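Below, each chain spelled out in residue letters.
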Amino acid sequence: MKILNKSESLQYLDQYAALANSRHNAPNPYGTSAWLGHFIAEVVGTDERLMVVESTPPGAAGPDGFMLLQLARGGCEARALSNFYTSLCAPLRADATDRRAMVQRLVDGLAEVRPRLDTVNWSPLDADAEDVNHLEACLKASGWYVRRYFCFGNRYEATTGKSFDDYMAGRDSKLRNTFERKGKKLLASGRIDIATTPDQVDAAMDAYERIYAKSWKQPEPYPNFSRGWARRCAEQGWLRLGVAWLGEEPIAAQIWYVFEGRGYIYKLAYDETHAKLSAGTVLTGYLMRHVLEVDRVHEVDFLSGDDGYKRAWMADRRDRVGLLACNLRTPRGLLMAGKQWLAERTAAWRKRSAEGWGRHAGPTKPTEDAAASAEA
(Lines give C-alpha, C1' and ligand atoms only; values in the text may rest on other atoms or scores of the structure.)
Protein backbone atom coordinates (compact mmCIF):
# COMPACT_ATOMS: atom_id res chain seq x y z
CA MET A 1 0.00 0.00 0.00
CA LYS A 2 1.24 3.47 -0.93
CA ILE A 3 -0.11 6.94 -0.18
CA LEU A 4 0.64 9.30 -3.05
CA ASN A 5 0.13 12.96 -3.83
CA LYS A 6 -1.06 14.14 -7.24
CA SER A 7 2.38 14.28 -8.83
CA GLU A 8 3.39 10.89 -7.43
CA SER A 9 0.11 9.36 -8.64
CA LEU A 10 0.81 10.48 -12.20
CA GLN A 11 4.33 9.05 -11.98
CA TYR A 12 2.97 5.75 -10.66
CA LEU A 13 0.47 5.58 -13.50
CA ASP A 14 3.21 6.19 -16.05
CA GLN A 15 5.27 3.41 -14.50
CA TYR A 16 2.44 0.87 -14.52
CA ALA A 17 0.59 1.94 -17.67
CA ALA A 18 1.02 -1.58 -19.05
CA LEU A 19 -1.10 -2.98 -16.20
CA ALA A 20 -3.78 -0.35 -16.76
CA ASN A 21 -3.90 -1.06 -20.50
CA SER A 22 -3.49 -4.84 -20.38
CA ARG A 23 -5.61 -6.95 -22.71
CA HIS A 24 -6.47 -9.12 -19.71
CA ASN A 25 -8.69 -6.31 -18.41
CA ALA A 26 -12.26 -6.01 -19.66
CA PRO A 27 -12.35 -3.29 -22.37
CA ASN A 28 -13.14 0.00 -20.66
CA PRO A 29 -11.87 3.42 -21.78
CA TYR A 30 -12.31 4.69 -18.21
CA GLY A 31 -9.71 2.23 -17.00
CA THR A 32 -6.98 3.18 -19.46
CA SER A 33 -3.88 5.07 -18.45
CA ALA A 34 -5.05 7.86 -20.81
CA TRP A 35 -8.30 8.39 -18.86
CA LEU A 36 -6.88 7.84 -15.37
CA GLY A 37 -3.98 10.20 -16.06
CA HIS A 38 -6.33 12.85 -17.42
CA PHE A 39 -8.68 12.45 -14.46
CA ILE A 40 -5.85 12.86 -11.95
CA ALA A 41 -4.42 15.85 -13.81
CA GLU A 42 -7.73 17.71 -14.12
CA VAL A 43 -9.86 16.64 -11.14
CA VAL A 44 -7.62 15.60 -8.25
CA GLY A 45 -6.48 18.54 -6.12
CA THR A 46 -2.86 19.16 -5.20
CA ASP A 47 -3.70 18.65 -1.52
CA GLU A 48 -5.60 15.38 -2.07
CA ARG A 49 -4.07 11.99 -1.42
CA LEU A 50 -4.53 8.82 -3.41
CA MET A 51 -3.92 5.31 -2.19
CA VAL A 52 -2.51 2.49 -4.30
CA VAL A 53 -3.13 -1.08 -3.22
CA GLU A 54 -1.05 -3.63 -5.13
CA SER A 55 -1.34 -7.33 -5.85
CA THR A 56 2.06 -9.03 -5.90
CA PRO A 57 2.10 -12.83 -6.38
CA PRO A 58 4.48 -14.87 -4.18
CA GLY A 59 8.01 -14.71 -5.57
CA ALA A 60 7.15 -12.06 -8.17
CA ALA A 61 9.45 -9.08 -8.71
CA GLY A 62 6.57 -6.63 -9.05
CA PRO A 63 2.80 -6.24 -8.96
CA ASP A 64 0.45 -7.98 -11.36
CA GLY A 65 -2.38 -5.58 -10.52
CA PHE A 66 -3.28 -2.42 -8.65
CA MET A 67 -6.23 -0.47 -7.28
CA LEU A 68 -6.28 3.34 -7.18
CA LEU A 69 -8.48 4.98 -4.53
CA GLN A 70 -9.14 8.52 -3.33
CA LEU A 71 -8.97 9.09 0.42
CA ALA A 72 -11.26 11.15 2.67
CA ARG A 73 -12.01 11.62 6.38
CA GLY A 74 -8.38 11.55 7.40
CA GLY A 75 -7.67 8.48 5.32
CA CYS A 76 -10.45 6.36 6.87
CA GLU A 77 -12.75 6.46 3.84
CA ALA A 78 -11.80 5.51 0.31
CA ARG A 79 -13.62 5.70 -2.98
CA ALA A 80 -12.92 4.78 -6.55
CA LEU A 81 -11.08 7.22 -8.77
CA SER A 82 -14.29 8.33 -10.48
CA ASN A 83 -16.99 11.00 -10.47
CA PHE A 84 -19.80 12.24 -12.74
CA TYR A 85 -17.42 12.21 -15.72
CA THR A 86 -16.87 8.47 -15.27
CA SER A 87 -19.60 6.37 -16.87
CA LEU A 88 -17.99 3.02 -16.00
CA CYS A 89 -15.51 2.68 -13.17
CA ALA A 90 -12.68 0.16 -13.54
CA PRO A 91 -12.19 -0.92 -9.89
CA LEU A 92 -8.79 -2.47 -10.56
CA ARG A 93 -6.29 -2.88 -13.39
CA ALA A 94 -4.13 -5.94 -13.85
CA ASP A 95 -2.19 -8.19 -16.19
CA ALA A 96 -3.18 -11.28 -14.21
CA THR A 97 -5.04 -14.19 -15.80
CA ASP A 98 -6.12 -15.66 -12.44
CA ARG A 99 -8.40 -12.74 -11.63
CA ARG A 100 -9.91 -14.20 -8.45
CA ALA A 101 -6.51 -14.74 -6.77
CA MET A 102 -5.35 -11.30 -7.83
CA VAL A 103 -8.51 -9.64 -6.47
CA GLN A 104 -8.10 -11.51 -3.18
CA ARG A 105 -4.58 -10.11 -2.83
CA LEU A 106 -5.95 -6.61 -3.36
CA VAL A 107 -8.66 -7.17 -0.75
CA ASP A 108 -6.01 -8.48 1.67
CA GLY A 109 -4.12 -5.26 1.03
CA LEU A 110 -7.16 -3.18 1.97
CA ALA A 111 -7.26 -4.93 5.36
CA GLU A 112 -3.65 -3.95 6.00
CA VAL A 113 -4.18 -0.20 5.49
CA ARG A 114 -3.39 1.94 8.54
CA PRO A 115 -5.28 3.81 9.82
CA ARG A 116 -7.92 1.20 9.08
CA LEU A 117 -10.44 2.01 6.41
CA ASP A 118 -14.03 2.35 7.60
CA THR A 119 -15.61 2.19 4.15
CA VAL A 120 -14.64 1.78 0.51
CA ASN A 121 -17.02 2.78 -2.27
CA TRP A 122 -16.75 1.86 -5.95
CA SER A 123 -19.15 3.21 -8.61
CA PRO A 124 -20.43 3.05 -11.28
CA LEU A 125 -19.65 -0.58 -12.10
CA ASP A 126 -20.68 -3.17 -14.66
CA ALA A 127 -23.17 -5.32 -12.74
CA ASP A 128 -22.10 -8.45 -14.63
CA ALA A 129 -18.34 -7.94 -14.82
CA GLU A 130 -16.10 -10.76 -13.61
CA ASP A 131 -13.81 -8.42 -11.66
CA VAL A 132 -16.78 -6.80 -9.90
CA ASN A 133 -18.23 -10.15 -8.89
CA HIS A 134 -14.82 -11.32 -7.66
CA LEU A 135 -14.38 -8.09 -5.68
CA GLU A 136 -17.75 -8.46 -3.98
CA ALA A 137 -17.17 -12.14 -3.15
CA CYS A 138 -13.63 -11.61 -1.83
CA LEU A 139 -14.70 -8.69 0.36
CA LYS A 140 -17.52 -10.73 1.89
CA ALA A 141 -15.23 -13.73 2.43
CA SER A 142 -12.75 -11.43 4.18
CA GLY A 143 -15.31 -10.14 6.69
CA TRP A 144 -16.50 -6.91 5.08
CA TYR A 145 -20.19 -6.02 4.89
CA VAL A 146 -20.90 -5.28 1.22
CA ARG A 147 -23.98 -3.67 -0.24
CA ARG A 148 -24.56 -3.58 -3.98
CA TYR A 149 -26.70 -0.59 -5.00
CA PHE A 150 -28.19 0.77 -8.21
CA CYS A 151 -26.51 3.78 -9.87
CA PHE A 152 -28.22 4.34 -13.23
CA GLY A 153 -29.41 2.69 -16.40
CA ASN A 154 -27.08 2.56 -19.37
CA ARG A 155 -28.57 2.62 -22.88
CA TYR A 156 -26.64 0.81 -25.61
CA GLU A 157 -27.15 -1.23 -28.75
CA ALA A 158 -25.34 -4.22 -30.19
CA THR A 159 -24.47 -3.37 -33.81
CA THR A 160 -22.37 -6.29 -35.05
CA GLY A 161 -22.86 -6.66 -38.79
CA LYS A 162 -25.34 -3.79 -39.03
CA SER A 163 -25.17 -1.18 -41.74
CA PHE A 164 -26.48 2.29 -41.01
CA ASP A 165 -29.64 1.49 -42.97
CA ASP A 166 -30.14 -1.67 -40.90
CA TYR A 167 -29.71 0.32 -37.73
CA MET A 168 -32.12 3.09 -38.77
CA ALA A 169 -34.73 0.51 -39.76
CA GLY A 170 -34.90 -0.37 -36.06
CA ARG A 171 -35.76 3.19 -35.03
CA ASP A 172 -39.30 4.52 -34.84
CA SER A 173 -40.76 6.30 -37.85
CA LYS A 174 -40.74 9.72 -36.19
CA LEU A 175 -36.99 9.60 -35.59
CA ARG A 176 -36.28 8.29 -39.10
CA ASN A 177 -38.42 10.97 -40.72
CA THR A 178 -36.89 13.73 -38.61
CA PHE A 179 -33.37 12.63 -39.53
CA GLU A 180 -34.12 12.42 -43.25
CA ARG A 181 -36.24 15.55 -43.57
CA LYS A 182 -34.24 17.85 -41.29
CA GLY A 183 -30.95 16.45 -42.55
CA LYS A 184 -31.73 17.55 -46.11
CA LYS A 185 -32.79 20.97 -44.89
CA LEU A 186 -29.69 21.47 -42.74
CA LEU A 187 -27.24 20.35 -45.42
CA ALA A 188 -28.89 22.65 -47.97
CA SER A 189 -27.50 25.63 -46.05
CA GLY A 190 -24.86 24.09 -43.81
CA ARG A 191 -22.50 21.16 -43.30
CA ILE A 192 -21.33 18.53 -40.84
CA ASP A 193 -17.66 18.11 -39.92
CA ILE A 194 -16.15 15.20 -37.99
CA ALA A 195 -12.82 15.96 -36.29
CA THR A 196 -10.58 12.96 -35.62
CA THR A 197 -6.98 14.21 -35.50
CA PRO A 198 -5.04 16.29 -32.94
CA ASP A 199 -4.68 19.26 -35.30
CA GLN A 200 -8.49 19.47 -35.60
CA VAL A 201 -9.27 19.39 -31.87
CA ASP A 202 -8.98 23.03 -30.88
CA ALA A 203 -11.13 24.41 -33.70
CA ALA A 204 -13.80 21.75 -33.14
CA MET A 205 -13.75 22.27 -29.36
CA ASP A 206 -13.99 26.04 -29.84
CA ALA A 207 -17.21 25.39 -31.76
CA TYR A 208 -18.42 22.90 -29.12
CA GLU A 209 -17.83 25.39 -26.31
CA ARG A 210 -19.62 28.18 -28.20
CA ILE A 211 -22.64 25.92 -28.56
CA TYR A 212 -22.44 24.65 -24.99
CA ALA A 213 -22.52 28.23 -23.68
CA LYS A 214 -25.83 28.76 -25.52
CA SER A 215 -27.38 25.46 -24.43
CA TRP A 216 -29.58 24.59 -21.46
CA LYS A 217 -26.65 22.93 -19.67
CA GLN A 218 -24.92 24.18 -16.54
CA PRO A 219 -21.29 25.35 -16.82
CA GLU A 220 -18.74 22.56 -16.51
CA PRO A 221 -17.17 22.33 -13.02
CA TYR A 222 -13.82 21.53 -14.66
CA PRO A 223 -13.76 23.78 -17.76
CA ASN A 224 -10.71 22.17 -19.37
CA PHE A 225 -11.77 18.56 -18.84
CA SER A 226 -13.69 17.88 -22.04
CA ARG A 227 -11.20 19.69 -24.30
CA GLY A 228 -8.32 17.83 -22.71
CA TRP A 229 -10.06 14.48 -23.06
CA ALA A 230 -10.89 15.20 -26.70
CA ARG A 231 -7.20 15.93 -27.30
CA ARG A 232 -6.13 12.69 -25.60
CA CYS A 233 -8.66 10.73 -27.64
CA ALA A 234 -7.37 12.31 -30.85
CA GLU A 235 -3.81 11.37 -29.91
CA GLN A 236 -4.95 7.75 -29.46
CA GLY A 237 -6.95 7.75 -32.71
CA TRP A 238 -10.26 7.41 -30.83
CA LEU A 239 -11.88 10.81 -31.40
CA ARG A 240 -15.03 11.38 -33.46
CA LEU A 241 -16.05 14.98 -32.70
CA GLY A 242 -18.96 16.12 -34.85
CA VAL A 243 -20.04 19.72 -35.46
CA ALA A 244 -23.14 20.80 -37.39
CA TRP A 245 -22.83 24.22 -39.04
CA LEU A 246 -25.48 26.58 -40.36
CA GLY A 247 -23.45 28.74 -42.70
CA GLU A 248 -20.47 29.68 -40.55
CA GLU A 249 -22.33 29.30 -37.25
CA PRO A 250 -21.93 26.08 -35.23
CA ILE A 251 -25.34 24.95 -33.96
CA ALA A 252 -24.75 21.43 -32.60
CA ALA A 253 -21.72 19.45 -31.47
CA GLN A 254 -21.13 15.98 -30.08
CA ILE A 255 -18.03 14.32 -28.67
CA TRP A 256 -17.88 10.62 -29.50
CA TYR A 257 -14.94 8.26 -29.28
CA VAL A 258 -14.25 4.73 -30.48
CA PHE A 259 -12.40 2.26 -28.27
CA GLU A 260 -11.90 -1.49 -28.73
CA GLY A 261 -14.73 -1.80 -31.25
CA ARG A 262 -17.25 0.26 -29.30
CA GLY A 263 -18.57 3.73 -30.02
CA TYR A 264 -19.12 5.96 -26.99
CA ILE A 265 -21.40 9.02 -27.07
CA TYR A 266 -19.72 11.24 -24.50
CA LYS A 267 -20.99 14.84 -24.74
CA LEU A 268 -23.86 16.55 -26.57
CA ALA A 269 -24.73 20.21 -27.00
CA TYR A 270 -26.93 22.21 -29.34
CA ASP A 271 -27.97 25.85 -29.75
CA GLU A 272 -31.57 26.14 -28.56
CA THR A 273 -32.23 29.09 -30.88
CA HIS A 274 -32.03 26.61 -33.79
CA ALA A 275 -33.99 23.81 -32.14
CA LYS A 276 -36.46 23.63 -35.05
CA LEU A 277 -33.68 22.36 -37.30
CA SER A 278 -33.22 19.27 -35.09
CA ALA A 279 -29.49 19.60 -35.62
CA GLY A 280 -28.78 17.31 -32.67
CA THR A 281 -30.81 14.49 -34.22
CA VAL A 282 -29.19 14.99 -37.61
CA LEU A 283 -25.69 15.07 -36.11
CA THR A 284 -26.31 11.92 -34.05
CA GLY A 285 -27.40 10.15 -37.22
CA TYR A 286 -24.32 11.21 -39.18
CA LEU A 287 -21.96 10.17 -36.40
CA MET A 288 -23.81 6.88 -36.09
CA ARG A 289 -23.32 6.31 -39.79
CA HIS A 290 -19.59 7.02 -39.38
CA VAL A 291 -18.99 4.60 -36.50
CA LEU A 292 -21.05 1.85 -38.15
CA GLU A 293 -19.75 2.09 -41.70
CA VAL A 294 -16.22 3.46 -41.19
CA ASP A 295 -15.23 2.17 -37.75
CA ARG A 296 -17.40 -0.98 -37.94
CA VAL A 297 -18.12 -0.94 -34.21
CA HIS A 298 -19.96 -3.87 -32.64
CA GLU A 299 -21.67 -1.74 -29.99
CA VAL A 300 -22.69 1.86 -29.42
CA ASP A 301 -22.90 3.07 -25.81
CA PHE A 302 -24.86 6.16 -24.69
CA LEU A 303 -23.11 6.09 -21.30
CA SER A 304 -24.75 7.50 -18.15
CA GLY A 305 -28.50 7.78 -17.84
CA ASP A 306 -31.72 6.31 -19.13
CA ASP A 307 -33.14 9.47 -20.72
CA GLY A 308 -35.98 9.35 -23.21
CA TYR A 309 -33.94 10.61 -26.15
CA LYS A 310 -31.34 7.91 -25.46
CA ARG A 311 -34.02 5.22 -25.56
CA ALA A 312 -34.99 6.46 -29.01
CA TRP A 313 -31.48 5.73 -30.30
CA MET A 314 -30.54 2.65 -28.25
CA ALA A 315 -32.66 -0.51 -28.03
CA ASP A 316 -30.85 -2.20 -25.15
CA ARG A 317 -30.40 -1.37 -21.48
CA ARG A 318 -28.23 -2.55 -18.59
CA ASP A 319 -27.71 -1.51 -14.99
CA ARG A 320 -24.69 0.25 -13.58
CA VAL A 321 -24.22 -0.45 -9.88
CA GLY A 322 -22.01 0.48 -6.96
CA LEU A 323 -20.36 -1.53 -4.19
CA LEU A 324 -20.13 -0.09 -0.69
CA ALA A 325 -17.87 -2.11 1.60
CA CYS A 326 -18.01 -1.48 5.35
CA ASN A 327 -15.20 -2.65 7.60
CA LEU A 328 -16.73 -4.56 10.53
CA ARG A 329 -13.43 -4.24 12.44
CA THR A 330 -13.81 -0.48 13.01
CA PRO A 331 -16.52 1.25 15.08
CA ARG A 332 -17.59 3.56 12.26
CA GLY A 333 -17.47 0.76 9.71
CA LEU A 334 -19.70 -1.34 11.96
CA LEU A 335 -22.12 1.57 12.39
CA MET A 336 -22.26 2.19 8.63
CA ALA A 337 -22.84 -1.53 8.04
CA GLY A 338 -25.79 -1.45 10.44
CA LYS A 339 -27.33 1.51 8.64
CA GLN A 340 -26.85 -0.13 5.26
CA TRP A 341 -28.27 -3.43 6.50
CA LEU A 342 -31.37 -1.68 7.83
CA ALA A 343 -31.82 0.30 4.62
CA GLU A 344 -31.52 -2.87 2.57
CA ARG A 345 -34.03 -4.78 4.72
CA THR A 346 -36.62 -1.98 4.64
CA ALA A 347 -36.20 -0.99 0.98
CA ALA A 348 -39.22 -2.96 -0.26
CA TRP A 349 -41.43 -1.57 2.53
CA ARG A 350 -40.33 1.99 1.84
CA LYS A 351 -40.98 1.55 -1.89
CA ARG A 352 -44.52 0.25 -1.23
CA SER A 353 -45.17 3.14 1.15
CA ALA A 354 -43.98 5.69 -1.39
CA GLU A 355 -46.17 4.16 -4.09
CA GLY A 356 -49.13 4.25 -1.72
CA TRP A 357 -48.61 7.94 -0.96
CA GLY A 358 -48.31 8.60 -4.69
CA ARG A 359 -51.69 7.00 -5.37
CA HIS A 360 -53.36 9.07 -2.66
CA ALA A 361 -51.72 12.26 -3.91
CA GLY A 362 -53.44 11.95 -7.29
CA PRO A 363 -52.00 12.23 -10.79
CA THR A 364 -48.96 14.38 -11.49
CA LYS A 365 -47.97 16.08 -14.69
CA PRO A 366 -45.39 14.00 -16.59
CA THR A 367 -42.04 15.57 -17.29
CA GLU A 368 -40.23 15.50 -20.60
CA ASP A 369 -36.54 15.30 -21.34
CA ALA A 370 -35.33 18.79 -22.26
CA ALA A 371 -33.30 17.62 -25.24
CA ALA A 372 -36.07 15.41 -26.62
CA SER A 373 -38.67 18.18 -26.23
CA ALA A 374 -36.57 20.72 -28.08
CA GLU A 375 -35.81 18.26 -30.87
CA ALA A 376 -39.46 17.31 -31.42
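This text follows the structure it describes.
Residues numbered from 1 in each chain as written. Predicted model: local features only at pLDDT ≥ 70, side-chain atom pairs only at ≥ 80, totals over all residues. Heavy atoms only, no water.

Engineer: Sorry if this is basic, but what is going on with the overall build of the chain here?
Structural biologist: In terms of helices and strands, the chain carries 13 helices and 13 strands. Against the 2.2 N^0.38 benchmark of 21 Å for 376 residues, the chain shows a C-alpha radius of gyration of 23 Å, consistent with a compact globule. In terms of principal-axis extent, the alpha carbons of the chain reach across some 65 × 60 × 40 Å. Per-residue burial over the chain gives 51% buried out of 376 residues. Nonlocal contacts in the chain, meaning residues at least 24 apart in sequence, comprise 77% of its contacts between residues at least 6 apart. On the chain, roughly 17600 Å² of surface is accessible, and the fraction owed to carbon and sulfur atoms is 51%. Each charge class in the chain was averaged separately, 51 positive and 48 negative side chains, and the resulting centres sit 5 Å apart. (Helix = DSSP H or I, 4+ residues; strand = E, 2+ residues; numbered from the N terminus. Rg over C-alpha atoms; globule rule 2.2 N^0.38 Å. Buried < 20%, exposed > 50% of the residue type's maximum accessible area, 1.4 Å probe, protein only. Contact = heavy atoms within 4.5 Å. Areas by Shrake-Rupley, 256 points an atom, 1.4 Å probe, with all protein chains shown as cover. Lys, Arg positive; Asp, Glu negative; His and termini not counted. Charge placed at Lys NZ, Arg CZ, Asp CG, Glu CD.)

Engineer: What should I look at first to understand unusual backbone geometry in this one?
Structural biologist: What you tend to see is this: most non-glycine residues have negative phi, and most peptide bonds are trans. P115 follows R114 through a cis peptide bond whose omega is 0 degrees. Relative to the assigned elements, P115 resides in the loop between α4 (99–111) and β6 (119–126). Here the bond from S123 into P124 is cis, since omega is -10 degrees, no more than 30 degrees from zero. Phi at R296 is positive, roughly 55 degrees, even though this residue is not glycine.

Engineer: Sorry if this is basic, but what is going on with the nonpolar core here?
Structural biologist: Nonpolar side chains in soluble globular proteins tend to be buried together. Of all hydrophobic cores here, the largest spans 47 residues; its most connected members are W35, F66, L241, Y257 and Y266. Sorting elements by how many residues they give to this core places helix α8 (residues 198–214) first, with 7 residues. Leave out the neighbours within four places in its chain, and L241 touches D193, I194, A195, A204, M205, A230, Q254, I255 and W256. Core analysis: the next-biggest nonpolar cluster, separate from the first, contains 32 residues, L71, L106, L135 and C138 among them. (Core = buried A, V, L, I, M, F, W, Y, C linked by side-chain atoms within 4.5 Å.)

Engineer: Looking at this structure, I do not really get the pairing of strand β9 (residues 239–246). What am I missing?
Structural biologist: Within a regular beta strand, the side chains point alternately toward one face of the sheet and then the other, so they alternate between its two faces. Of all the 8 residues making up β9, 7 are buried; the element is thus mostly covered by neighbouring parts of the structure. Relative to β9, strand β8 (residues 190–195) runs antiparallel, the two being bridged by 6 bridges. Among the inter-strand pairings, I194 is bridged to a residue of β9, identified as G242. Sheet analysis places β9 next to strand β10 (residues 249–259), joined by 8 bridges and oriented antiparallel. Looking at the pairing, V243 lines up with A253 of β10. Connecting the antiparallel pair β9 and β10 is a turn made up of 2 residues, with G247 showing a positive phi of about 65 degrees. (Pairing = 2+ DSSP bridges.)

Engineer: When you look at the pattern of salt bridges in this model, what are you seeing that I'm missing?
Structural biologist: Proximity of charged atoms lets side chains of opposite charge pair with each other. All chains considered together, the criterion is met by 29 salt bridges. E248 is paired through a salt bridge with R191; the nearest N and O atoms lie 3.8 Å apart. In this pair, E248 sits in the loop between β9 and β10 while R191 sits in strand β8, placing the two residues 57 residues apart along the sequence. What makes E248 exposed here is its relative accessible area of 64%. Residue class for R191 comes out partly exposed when judged on its relative accessible area of 31%. The closest approach of N and O atoms between D295 and R240, which form a salt bridge, is 2.7 Å. Taken together, the residues D295 in the loop between α10 (279–293) and β12 (299–304) and R240 in strand β9 connect sequence positions 55 residues apart. Shared partners join several salt bridges into a network, and the residues in it are D202, D206, E209, R227 and R231. (Salt bridge = Lys/Arg side-chain N within 4 Å of Asp/Glu carboxyl O.)

Engineer: Explain the side chain of T284 to me, please; I cannot follow it from the model alone.
Structural biologist: The topology assignment puts T284 in helix α10. Judged by relative accessible area, which is 4%, T284 ranks as buried. The contacts of T284, once residues within four sequence positions are left out, are Q254, W256 and W313.

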